[in-house]
Structure formats: C-alpha cells, structure tokens
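# Inside the fold
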Amino acid sequence: MANFEQKLNRRNTNSVKWDIKPNELPMWIADMDFQTAPAIIEALRKKVDFGVFGYEEPGDDYFDAVANWYQTEHHAHLENEWQIFCTGVVPAISSIVRSSSNVGDTVLVQEPVYNIFYNSIENNGRHVLSNDLVYDETNHRYHIDFEDLAAKLAEPLTTLMILCNPHNPVGKVWSRDELTKIATLCQKNHVTLLSDEIHGDLVFGEPHYTPVFSLPENLRNNTITCVSPSKTFNVAAMHAATVIVPEPHLRASVSRGLNNEELGEPNFAALPGTIAAYTQGADWLHELKAKLTENRDEVAKFVRDQLPQIRLVSENATYLLWFDVRDLTDDAQKLTDFLRQETGLILSTGNDYRGDGHDFIRMNIACPTAQLQDALARLKQGITAFKG
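Described in the following lines is the structure provided in the data block. No experiment lies behind these values; they were computed from the predicted model shown.

### Details of a nonpolar patch on the surface
A contiguous nonpolar surface patch, about 270 Å² in accessible area, is contributed by Val48, Phe53 and Phe268. In this fold, Phe268 is placed in the loop between α9 (248–260) and α10 (270–280).

So this is what it looks like as structure tokens:
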C-alpha cells in the first residue's frame, strides 16, 4: 500500500516548487507531493548500486514496456517501431514545431492552454492562432467550437495543431468522437496534429482517455503523440518521454529533428525508471487515482459549502483544478498575488494560459490530506479578505 498521507519536507532539495518562504504553501506547478512508486525507487537504487553510467540507448525492453502499458491500461495498440525516445515532452514539442512547420507559419492551439506551448511556438518564429475553447457559464464546462476550428485549420499558413489531451488547465479529456472530428479536420486541411498526452493516465471516469495514436489508420497517420511517465509517477526530473509517430515518413522527419538537437539520448535514470513504472507501477497508479478522487471530492464539497464566490470547472482529468473566479475579479493575477501575500498560498493565475484565463485560477491537489486542508483554509481566508 502506498502512503499518500506521508508529509515530506522538500525544502532545500533543489525543488522548483518548494524554493519559497517559510510560511508559504505551493499548490501551483504540476508536481505531486508524493513519493513515486516503490518499483521505480528500487530500479533506480539498483542502477546506482551498479555504478556504471555510460552512454545508453533504449532497447526492446523500453519500447515493449510503453506498448504493453497502453494496451493494458488504455486498450490502445501501439507498435514498437512507432516509438522514439525523447528527453521530455516539452523539448519534443519545440523540436516538432521546428521540423513540422516553417518560420512564419501559424500553429493552432486551443486557449486557455498550457502556457509553455506559446514558448515553443513563438520562440521558434511561428505565430499562435487560437481556436478558443467555449466556456458555458451556466454548466461551468468547456467545449470546442468546431466551426471556428475548421475555419482556422483551413487558413493557408496553418500547418500544425498542438492538442492538449487531457486538456491542461481546464481538466477535461476529449472523447473519441471529438478526437476523430479534430483529426479529420486536420487531415482534410493538411495540418499535422501534435497531441500532448502527458496527463493521459490521470483521467477519472468517462469519457475515458483515448490516445490519438489509437484512431483509425487513415487519421493516425497524420498525428504525433507525446507521452511520458512524468506526471503519472511524479518523475519530471527523470527526463523521459516517448514520441509516437505511426506514419514512417513523418516519423523519420520527427526523429531527424530530435536527434539533430541531441534530444534522444537518455540519462542513467530514464530507461530503468520508465521500464519499472510501466511494468510494475499499475497498482500504485490505481491507488494514486483513488487518493486524487478523494481530494477532488473534498475540494468540491468545500467550495460548494464554504466558497460560493468561486466555481469548480474541472471535469474528469488531471490533478490540477480550474476555478472560475469572475465573481471576485476580472484579473486572476490580482487574486493570486493577494492570496500569496495575505496567506502564503501559491496558486497558478489563469492569465498565463491566455484566452479567458483571466477569469480563472488553478490549484494542484496532489498532496496529503493535511496539506490540502491547510490550502483550503488559506484559500477561504484569502478570498474573505479579498472581498472585504
């Protein structure tokens, strides 16, 4: 049994999340405050004890582990030859922007969306075009405007679409029907579909997570899917990801870009850690999802009963909760700054994600119960003071 109530002191451990003032509580970046699966720790311990850390490359044991995981956990078939090792999803996305589009091209995203997408696009001389997600203020849910998506994919300079599945920050996984519509429109307009699926293992209930590479062959051949154990097992510093490209010519182009930029060489932890995660980590993940479900339920009840000024918007994916705060402010940055100053609670401002993000804040709930309750108490205290 995993211990998800263990309090870990992560200060002074080079943690981006915990390099803060003594009275502050970080609940922002997508980094869980849980130890990773014991099987991963044991695999890395064996690697360190062996004591030889020369050049490495992934073999069949790595690719088998990834393929078997997606077959077992998500009923999605994956061929080993479709896979390319990469040192991370974000480096892969930036490389693919360079290899699958040209300077001056337009890359389509769906705002509000993971803010690093903008860096990968704009820092490489491409332009962002958004098919904004439509927010239903009555039901507090998002949906895709497919008419707008079709029009923007048809624009001559649009050559690449970056999809977030499940979507960060709105906490929504796209259904198979929605993914089929997206992929069909991309194919029709000769736009390559790149799907970031780093949160794919963290989906609760229906619709279930559907990997883009599991779509029918005529659609998946125009797609690139990026996956990683990073969010699932809290191993971001392991720097391991897999880029899945079913179509051989597109795969060759992606592989050439990744290898030209030296993004295909694993560090000493990446291969044993990933193999252990995907071959021995399923039970741990299922326990984690039960804990995250408890935390989600606790937050939902607290907000419903004690914080009627905000609305929980997230549906059924990720451990990052998205809150509508438009009844408090039209600038989420002001609210998150105030919360940090007044209570020490650090949340993500929705402004970073563009679109209508200025009306939202994001909270990471992957933590022990005591920490979550501390955060909720601070949130209530801060919002009460902000209103006053």
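On we go.
### Looking at the nonpolar core
One finds Met27, Phe233, Leu288, Ile310, Tyr319, Phe323 and Leu379 to be the most contacted residues of the largest nonpolar core, which totals 73 residues. The next biggest cluster of nonpolar side chains, apart from the first, holds 27 residues, and it includes Val89, Ala92, Leu160 and Leu258.

### Remarks on the packing of aromatic side chains
Two aromatic rings, taken as a pair, are described by how far apart their centres are and by the angle between their planes. Tallied over the entire structure, the rule returns 17 aromatic pairs. Judged by centre distance (5.6 Å) and plane angle (80°), the rings of Tyr114 and Phe117 are edge-to-face. By relative accessible area, which is 1% here, Phe117 ends up buried. Each residue in the set Phe4, Phe34, Trp69, Tyr70, Phe213, Phe233, Tyr278 and Trp284 is aromatic and connected to the rest through ring pairs, giving one cluster. Positioned above the aromatic ring of Phe204, the side-chain terminus of Lys289 is 5.9 Å from the ring centre. Directly above the ring of Tyr118 sits Arg354, whose terminal nitrogen or CZ lies 3.9 Å from the centroid.

### Details of the environment of Ser228
Mapped onto the fold, Ser228 is located in the loop between β9 (223–227) and α8 (230–233). For Ser228, a relative accessible area of 4% corresponds to the buried category. Leave out the neighbours within four places in its chain, and Ser228 touches Val89, Ile198, Ala240, Ala241 and Tyr278. A polar atom in the side chain of Ser228 sits 3.0 Å from the backbone nitrogen of Ser230. Within the structure, Ser228 has its side chain in polar contact with the backbone oxygen of Ala240 (distance 2.7 Å).

### Side note on the pattern of salt bridges
As enumerated under the stated definition, the model contains 18 salt bridges in all. Its salt-bridge partner being Glu315, residue Lys172 comes within 2.9 Å of it at the nearest N-O pair. You can see Lys172 sitting in the loop between β7 (158–164) and α6 (176–188) and its partner Glu315 sitting in the loop between β11 (311–312) and β12 (320–324), a full 143 residues away along the chain. In this structure Lys172 comes out as buried when scored by relative accessible area, which is 10%. Exposure remark for Glu315: the relative accessible area of 26% places this residue in the partly exposed category. For Asp324, the salt bridge identified is with Arg326, shortest N-O distance 3.1 Å. Through salt bridges with shared partners, a single network forms among Arg10, Lys17, Asp31 and Asp33.

### A few points about α10
The buried count for α10 comes to nine of 11 residues, which makes it a mostly enclosed element. Along α10, the residues that are buried comprise Ala270, Leu271, Pro272, Gly273, Thr274, Ile275, Ala276, Ala277 and Tyr278. Close packing links the buried residues of α10 with α1 (38–50), α2 (60–74), β2 (83–86), α8 and α11 (282–306).

### Re the sheet that holds strand β3 (residues 106–109)
Strand order in the open sheet formed by seven strands is β2-β10-β9-β8-β7-β3-β4, with mixed pairing between adjacent strands. On the outer flanks of this sheet lie β2 and β4 (127–130), each paired with one strand and no other. Between one strand and the next, the sheet's axes are offset by a mean angle of 25°, whatever the strand orientation. Across three bridges, β3 lies against β7 in parallel orientation. Looking across to β7, one finds that Thr106 is bridged to Thr158. On the sheet, helix α5 (residues 146–153) packs against β3, β4 and β7 and is oriented at approximately 145° with respect to β7. Each of β2, β8 (192–196), β9 and β10 (241–244) touches α9; the most contacted strand, β2, lies at about 15° to it.

Conventions we followed
- Residues numbered from 1 in each chain as written.
- Predicted model: local features only at pLDDT ≥ 70, side-chain atom pairs only at ≥ 80, totals over all residues.
- Heavy atoms only, no water.
- Patch = residues over 30% accessible without salt bridge, like charges linked within 9 Å, V, L, I, M, F, W, Y side chains within 5 Å.
- Areas by Shrake-Rupley, 256 points an atom, 1.4 Å probe, with all protein chains shown as cover.
- Salt bridge = Lys/Arg side-chain N within 4 Å of Asp/Glu carboxyl O.
- Helix = DSSP H or I, 4+ residues; strand = E, 2+ residues; numbered from the N terminus.
- Core = buried A, V, L, I, M, F, W, Y, C linked by side-chain atoms within 4.5 Å.
- Buried < 20%, exposed > 50% of the residue type's maximum accessible area, 1.4 Å probe, protein only.
- Phe/Tyr/Trp six-rings, centres within 6.5 Å; stacked < 30°, edge-to-face > 60°.
- Lys NZ or Arg CZ within 6 Å of the ring centre and 35° of its normal.
- Contact = heavy atoms within 4.5 Å.
- Polar contact = N/O pair within 3.5 Å; in protein donor to acceptor, adjacent residues only side chain to side chain.
- Pairing = 2+ DSSP bridges.
- Axes fitted to C-alpha atoms, helices over the stretch in contact; angles between N-to-C directions.

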